[in-house]
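Listed below are the residues making up each chain.
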Amino acid sequence: MSLLDQLSPAADEKFTHGGNTRKLAEKAGCPECEITDFSANINPVGPPSWLRQEVSRALEKVDRYPDPECSELTLAACEKFSVWPTECIAGNGASELLCIAARLEGFKKAIIPVPCYVDYERACKLAGLKTEHMPLSPQEGFLPDFDTLSSFLTKAPALVFLAQPNNPTGKAFDPEKLRELAQKHSDCRFIVDESFADFIPGLDRLIKNRPDNVITIVSLTKFYAIPGLRLGLAFASAETILKMREILPCWSVNLLAQRVGLRCLRDTEYERRTQEETARLRKNLVEGLHTIPGIRVFPGEANFLLCQVQRVGMDATGLIDHLISHKIAVRHCDNFDGLDSTYFRIAVRNEVENERLVDELRNFSGMEKLTRKEPKKPALMIQGTCSNAGKSILAAAMCRILLQDGFKVAPFKAQNMSLNSYVTDDGCEMGRAQVTQAMACKLPPDVRMNPVLLKPGSDLGSQVVVNGKPVGNMKVGKYVEYKPTAFEAVKAAYDSLSREHDVMVLEGAGSPAEINLKQHDIVNMAMADYAKAKVLLAGDIDRGGVFASIAGTMALLESRERQMVCGFLLNKFRGDASLLDPALDFTLQETGKPVLGIIPHISNLGLPDEDSVSFKQEINKTDSTPKRSDSVDIVCIDLPRISNFTDLDSLKAEPDVNLRVVDDPAEIGRPDAVIIPGSKSTVSDLLHLRRTGLEKTVKELKDKTVIVGICGGFQILGQYIDDPDGVESETVGFDQPVPEGMGLLPIKTTLAPEKTLNRTNASHPRSGFDVTGYEIHHGMTEPLLPTVRAVLVPQGTSGPVGISKALGFGLKSGLVWGTYLHGIFDADGFRRWFVDTLRERKGLKKLESVQTTFGLEDSLDRLAQIVRENTDMGAIYKALGI
């Protein structure tokens, strides 16, 4: 038979490989992307996270020929394995190097222990070599018997192929025995294929301590999950390398492969993580396979396992056909010499895929699926290309849309960094954004919706609230150490909450591509991965550069993370959407993901802002145009650590209130009221007011303007603030005696480590109205003079009892007062009374027939309608599988 006949299509069936997903998909009757491929032994961790960026940089030089000698790549390999540069050569995959090694002169036959990689035989046929097989015994774990192998070599010099570890068995031999054999038969040449050796930590490699008649070949394809690039290395004596170079085609290794290979060889962290993860996944997979009777699993050390069907009258064909009908491909080993049709090989893949394989094998065997964690509920996650992209509002919109469509839905944000918090009915603290989202779902706020809340006290540290309760003040480094513990709390909260609902809507934080934070992320892609969520990436088109930010974010995500993204939302758009068509086409072409929604800019939405940045942007800080000529002017003092700024949302909604946020004393003017809002760092913000002159200007307004303090602002109005336990010293680094307050109220506040968290119903004696709100503060405040009035008391208390339990104090004139109660202005009757008293002081009549009702239902419905009309909800539902 001629060489051409030997390599004809019919004969070539013997050399069939795994991983041909096109043919597998044809057999399964599905698209290639739906095949779960266990037939190719690729690293289950996936390609290195930097792969896309390295390829992108290499493309800048694609108009040049690659280095024909792969100098940088081979030098890096020599540095890694401590060999001389003259002893290494790179090729277009291990298969090319195997073929070149087989063509080196001096031999007429090759010895191949079988079973083994089928391309050894192919390489020999291409080189015109006769082959002789040495069977490996299953009883001996398919390990080579070197005494037997030695007997094969006594007749005439030969080429010997050995795999370390073997493919398809996954077993590694003792390298010292090979060294002894090579020295004994110095007239023979031994080709050692270490394509899967990197998966075995601590293996004695035959790269460095290598006899001169040994060629060691290494594949970077399998370990680094880059089969599409094709890259291999060969290590041998300098003389042998020169001979191989004479046969190797010029420019065999392309530029992209060279650049990626160089980075691979230097990525020791990826190597460590791969070895650990592969060992863990392989162990779990073996345990699952052992639950299936009639399937023998041979112990292996690499990223694949050899299995055998051991049932009377049955081979692996039916099993393989069953799996492919469920879009799962494994490697039938009937074309491996030394094996028959009862054998099959499976790669180690990720945990979910491995479990699916085991379940389908059990199904084939008439067994029930293994009892595991209950499947994740459908989940949609809104992430952003930046902060303030509108994630919270878009998540609320999705919550309301899903609710309207009949789903039982709940919101979730793993970690929220915000000073805008809320107290639940059971006295737990959570972010206000998730409260709004809960309202969109028509659910009571539940701390499980936001299990971790960070309340910044300085640029370097925050109070950490877990499951609604503070666990301490932490600087960044300490919190990073604590994050694994926090993530466990996050996962437990998510699992508990998701069990009670049909669909979950998650919100990310900042950007998923913040490289400095990704390593210890618990709120973006790490949470999406845990929830198995489909991700919508939102960008703020109003600020410009949205398409660049989308493309850049996608470029910085790892491959597995990009797969989680199902599309993009362009938020806050103004203008004619048809003008975006070229950019939409480019985005799809560049990222492979579509823009699923173009959300118009929504004015006067009436929902709480995501953060203080949005709040201040919404209210023009100094030049607000009055809503009407007879409006009252209310100034909110801008604090660096402003908290719970949503206390003023209801005032902002009144038709005759002009609300301004001011941080410059010159811009305060002569307002009808000044409000000092809540603060996470009361002492620090008091000193800020003093330094900037804002304190002096506010004090000059006494007896001319109504001055109100809420929570931290209430404490600032007082005479003294005492901090005996260093509550704020720990948070903001304040280590000097606590200064006196503004002195506008004769009260003293004593800060304390214990945090007061209460939902409270209170009465306001001066107006006669009841209010409802919540307390979030450290310490207690007491009056210093008997003339101080209790302006707010718990419902049902009065007289001395009311004073002792007062939630706020004020002057008899009513011109200066403060309270610990957040949300006091949300009470429609009290709020209108407050505005009307300002009108009376200004000489204005009360507005007739005006009663603003402060609520979010209409706003949420309006938001949902706008988002639904401008988003492809069908595509989103399809991605969710609902």
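Structure shown above.
Please read these numbers as outputs of a predicted model, since none were measured by experiment. (Residues numbered from 1 in each chain as written. Predicted model: local features only at pLDDT ≥ 70, side-chain atom pairs only at ≥ 80, totals over all residues. Heavy atoms only, no water.)

Q: Honestly, the pairing of strand S7 (residues 214-219) in this entry has me stumped. Any pointers?
A: Consecutive residues of a regular strand have side chains that alternate between opposite faces of the sheet. The buried count for S7 comes to 6 of 6 residues, which makes it a mostly enclosed element. Along S7, one buried face is formed by Val-214, Thr-216 and Val-218 and the opposite face, lined by Ile-215, Ile-217 and Ser-219, is buried too. Of the pairings in the sheet, the one linking S7 to strand S8 (residues 232-235) comprises 4 bridges and is antiparallel in character. The partner of Ile-217 across the bridge, within S8, is Ala-234. (Buried < 20%, exposed > 50% of the residue type's maximum accessible area, 1.4 Å probe, protein only. Helix = DSSP H or I, 4+ residues; strand = E, 2+ residues; numbered from the N terminus. Pairing = 2+ DSSP bridges.)

Q: Is there a simple way to explain helix H7 (residues 119-126) in this structure?
A: Three or four residues apart is the spacing at which side chains of an α-helix point the same way, because the helix has 3.6 residues per turn. Three or more residues of H7 are buried, namely Asp-119, Tyr-120, Glu-121, Ala-123 and Cys-124. Tucked into the core, H7 has its buried residues touching helix H6 (94-103), strand S3 (109-114), strand S4 (130-135), strand S5 (159-163) and strand S6 (189-193). Backbone geometry just after H7 places Gly-128 at a positive phi near 75°. (Contact = heavy atoms within 4.5 Å.)

Q: Help me understand the packing of aromatic side chains in this model?
A: For any two aromatic rings, the description comes down to two numbers: the centre-to-centre distance and the angle of the planes. Overall, the coordinates contain 26 aromatic pairs when judged by the stated rule. Ring centres 5.1 Å apart and planes at 80° place the aromatic pair Phe-714 and Tyr-820 in the edge-to-face group. Here Tyr-820 lies in the loop between strand S37 (816-819) and helix H31 (828-841) and Phe-714 lies in helix H28 (residues 712-717), a separation of 106 residues in the sequence. Classification of Phe-714 as buried rests on a relative accessible area of 0%. Through a chain of ring-to-ring contacts, the aromatic side chains of Phe-196, Phe-199, Phe-223, Tyr-224, Tyr-270 and Phe-304 assemble into a single cluster. (Phe/Tyr/Trp six-rings, centres within 6.5 Å; stacked < 30°, edge-to-face > 60°.)

Q: What is the right way to read the packing of helix H4 (residues 51-59) against helix H12 (residues 255-266) from this model?
A: Two packed helices can be described by the angle between their axes and the distance between those axes. Contact pair H4 / H12: the axes reach a minimum separation of 9 Å and the direction vectors enclose 135°. It follows that H4 is oblique to H12 by the angle criterion. Seen from above, H4 lies across H12 with right-handed handedness. Residues Leu-51, Glu-54, Val-55, Arg-57, Ala-58 and Leu-59 of H4 lie in contact with H12, whose contacting residues are Leu-255, Leu-256, Arg-259, Val-260 and Arg-263. (Axes fitted to C-alpha atoms, helices over the stretch in contact; angles between N-to-C directions. Parallel < 35°, antiparallel > 145°, perpendicular 65-115°, else oblique. Left-handed = near helix turned anticlockwise from the far one by under 90°.)

Q: In this structure, what is going on with the sheet that holds strand S23 (residues 534-540)? I would like to understand it.
A: Hydrogen bonds between backbone atoms are what pair the strands of a sheet, whose relative direction is either parallel or antiparallel. In space, the 6 strands of this open sheet follow the order S15-S22-S14-S23-S24-S25, with parallel pairing throughout. Of all strands in the sheet, those bounded by a partner on one side alone are strand S15 (409-412) and strand S25 (595-600). Strand-to-strand, the axes of this sheet are offset by a mean angle of 20°, without reference to chain direction. Here 4 bridges tie strand S24 (residues 565-573) to S25, and the two strands are oriented parallel to one another. Bridge pairing links Leu-570 to Ile-598 in S25. Seen against the sheet, helix H18 (residues 476-498) touches strand S14 (379-384), S15 and strand S22 (503-507) and runs at an angle of roughly 170° to S15.

Q: Would you mind showing me how to read the environment of Phe-825 here?
A: Position of Phe-825 among the secondary structure elements: in the loop between S37 and H31. A relative accessible area of 1% places Phe-825 in the buried class. Considering only alpha carbons, one finds Phe-825 and Asp-647, 178 residues apart in sequence, at a separation of 6.7 Å. When residues no more than four places from it in sequence are discounted, the contact partners of Phe-825 are Asp-647, Ser-650, Leu-651, Ile-675, Ile-710, Trp-817, Phe-830, Arg-831 and Phe-834.

Q: Would you mind going over a nonpolar patch on the surface with me for this structure?
A: Where nonpolar side chains cluster on the molecular surface, the patch consists of Tyr-720, Leu-784 and Leu-785 and spans about 260 Å² of accessible area. Considering the arrangement of structural elements, one finds Leu-785 in the loop between strand S34 (769-783) and strand S35 (789-794). Given the relative accessible area of 45%, Leu-785 is considered partly exposed. (Patch = residues over 30% accessible without salt bridge, like charges linked within 9 Å, V, L, I, M, F, W, Y side chains within 5 Å. Areas by Shrake-Rupley, 256 points an atom, 1.4 Å probe, with all protein chains shown as cover. Salt bridge = Lys/Arg side-chain N within 4 Å of Asp/Glu carboxyl O.)

Q: Just to check I follow, could you spell out unusual backbone geometry for this structure?
A: Negative phi characterises most residues that are not glycine, and trans characterises most peptide bonds. For the peptide bond that leads from Val-114 to Pro-115, omega is 10°, which places it in the cis range. Looking at the secondary structure, you find Pro-115 in the loop between S3 and H7. The omega torsion across Gln-164 and Pro-165 is 0°, close enough to zero to call that bond cis. Take Pro-165: it is sitting in the loop between S5 and helix H9 (175-184). One non-glycine residue, Arg-230, lies in the positive phi region at around 65°. In this model, Lys-327 sits at a positive phi of 65°, which is unusual for a non-glycine residue. Residue classification places Lys-327 among the partly exposed positions, given a relative accessible area of 31%.

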